[in-house]
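An overview of the molecular structure
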Amino acid sequence: MGHLRLMLQKRIKKKGKEGESMGNLLCCVEVEESTVAMRERFGKFDGVMEPGCHFVPWFLGLQARGPLSLRLRQLELRCPTKTKDNVYVTIVACVQYRAIADKASHAFYTIINTRSQIQAHVFDVLRASIPKLALDEVFEKKKEIAEALEEEVAEAMAPYGHEVMRALVVDVEPEEGVRRAMSESRAASDRAAA
């Protein structure tokens, strides 16, 4: 008896990957806090299920799909590119995003891989803007680059039901030889100042 109860609990609490059918034993589906699930009737969207326990009778053609997280997510990216003065750099960017609750069904059904989509837009923006700047300008204009990045990616992701909360340029990493030369130059100027 205890084994059967444990099996039923596992089945009810079964979490699928986004897009998969959720557990639906005894016609009950649990949607956890900060997530939503899609209710489908014979494969067609029928509504969004908020957190809590829901009656989803499979014998009437209903099923739950999801879950879709509404939590804030963070994506850290490393984008190799080249500056105006032909220095190869790696831009480390961080994008914070989430699905919009009011557009949950749109976010769930319109895009398969949100992270890949954001990465493509970030790389596009960085590879279009960094080659217009010299290495020193890239360091000086990190904030402006991040603002442009946030604006462009937010605009690109809005049609997919996602909002970009923040985009940051965390670091600019020049290639090893350039870093060594910059370090030596800084050391020489420090010795001259002393």
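Structure: see above.
Everything numeric here is computed off the predicted structure, so don't read it as measured data. Residue positions are given per chain, counted from 1 along the sequence in the order it is written. For this predicted model, a pLDDT threshold of at least 70 governs which residues receive local features, and a threshold of 80 or more governs which side-chain atom pairs are given and counted, while totals over whole chains, interfaces and linings are taken from all residues. Computation of side-chain values: all heavy atoms of the structure, hydrogens and water removed.

Quick word on the sheet that holds strand 8 (residues 162–174)
A pair of strands is labelled paired if DSSP reports no fewer than 2 bridges between them. Only DSSP runs of H or I covering at least 4 residues are called helices, and only runs of E covering at least 2 are called strands; the numbering of each starts at the N terminus. One open sheet holds the 3 strands; their spatial order is 6-7-8, and the pairing between them is antiparallel. The open sheet is flanked by strand 6 (73–82) and strand 8, the only strands paired with a single partner. For this sheet the average axis-to-axis angle between neighbouring strands, irrespective of direction, equals 20 degrees. Pairing geometry for strand 7 (residues 88–99) and strand 8, over 11 bridges, is antiparallel. Residue pairing in the sheet places V95 in a bridge with A167 of strand 8. Two residues form a contact once any of their heavy atoms are found within 4.5 Å. Orientation is described by axes fitted as lines to C-alpha atoms, over the contacting stretch for helices, and by angles from 0 to 180 degrees between their N-to-C directions. Against the sheet, helix 3 (residues 114–129) makes contact with strand 6, strand 7 and strand 8, and its axis sits at roughly 35 degrees relative to strand 6, the strand it touches most.

A short note on the state of the cysteines
For the purposes of this analysis, a disulfide is any pair of cysteine sulfur atoms at a distance within 2.5 Å. Under the definition given, this model contains 0 disulfides. Among the cysteines around C27, which has no disulfide bond, C28 carries the closest sulfur, lying 7.0 Å off. Exposed residues in this analysis have more than 50% of their type's maximum accessible area, buried residues have under 20%, and partly exposed residues fall in between, with area computed by a 1.4 Å probe over protein chains only. Judged by its relative accessible area of 7%, C27 falls in the buried class. Lacking any disulfide linkage, C53 is separated from the closest cysteine sulfur, that of C28, by 4.5 Å. Among the residues examined, C53 registers a relative accessible area of 60% and is labelled exposed.

Some points on the nonpolar core
Inside soluble globular proteins, nonpolar side chains tend to come together where they are buried. Buried residues of nine kinds, namely Ala, Val, Leu, Ile, Met, Phe, Trp, Tyr and Cys, make up a nonpolar core once their side-chain atoms join them within 4.5 Å. Within the largest apolar cluster, 28 residues are counted, with the highest numbers of intra-cluster contacts made by I91, I118, V122, L126 and L149. Those elements that place two or more of their residues in this core are strand 6, strand 7, helix 3, helix 4 (135–140), helix 5 (142–157) and strand 8. Those residues within four positions of L149 in sequence are excluded, and the remaining contacts are A93, V122, V125, L126 and A167. Counting 8 residues, the second-largest nonpolar core is a separate cluster that includes V36, A99, A104 and F108.

So, the pattern of salt bridges
We define a salt bridge as a side-chain nitrogen of Lys or Arg found within 4 Å of a carboxyl oxygen belonging to Asp or Glu. If you walk through the whole model with that rule in mind, you get 4 salt bridges. E173 serves as the salt-bridge partner of R78, at 2.5 Å between the closest nitrogen and oxygen. Of the two residues, R78 is situated in strand 6 and E173 in strand 8; the sequence distance between them amounts to 95 residues. Given a relative accessible area of 21%, E173 falls into the partly exposed group.

Concerning the side chain of T83
Following the sequence through the fold, T83 ends up in the loop between strand 6 and strand 7. Here a polar contact is taken to be a pair of N or O atoms separated by no more than 3.5 Å, where protein atoms must pair a possible hydrogen donor with a possible acceptor and residues adjacent in sequence count only if both atoms sit in side chains. Engagement of the side chain of T83 in a polar contact is seen with the side chain of D85, the distance being 2.4 Å. Here T83 is in contact with V89, I130, P131, L133, A134, L135 and V138, once residues within four sequence places are set aside.

A word on the packing of aromatic side chains
The criterion for an aromatic pair is that two Phe, Tyr or Trp rings (for Trp, the six-membered ring) have centres within 6.5 Å, with stacked assigned to planes under 30 degrees apart, edge-to-face to planes over 60 apart and tilted to the rest. This structure, assessed with the given rule, holds 3 aromatic pairs. Judged by centre distance (5.9 Å) and plane angle (80 degrees), the ring pair of W58 and F59 falls under edge-to-face. An identical accessibility class is assigned to W58 and F59; each is exposed. Here a set of aromatic residues connected by ring pairs shows up, and it is made of F45, F108 and Y109.

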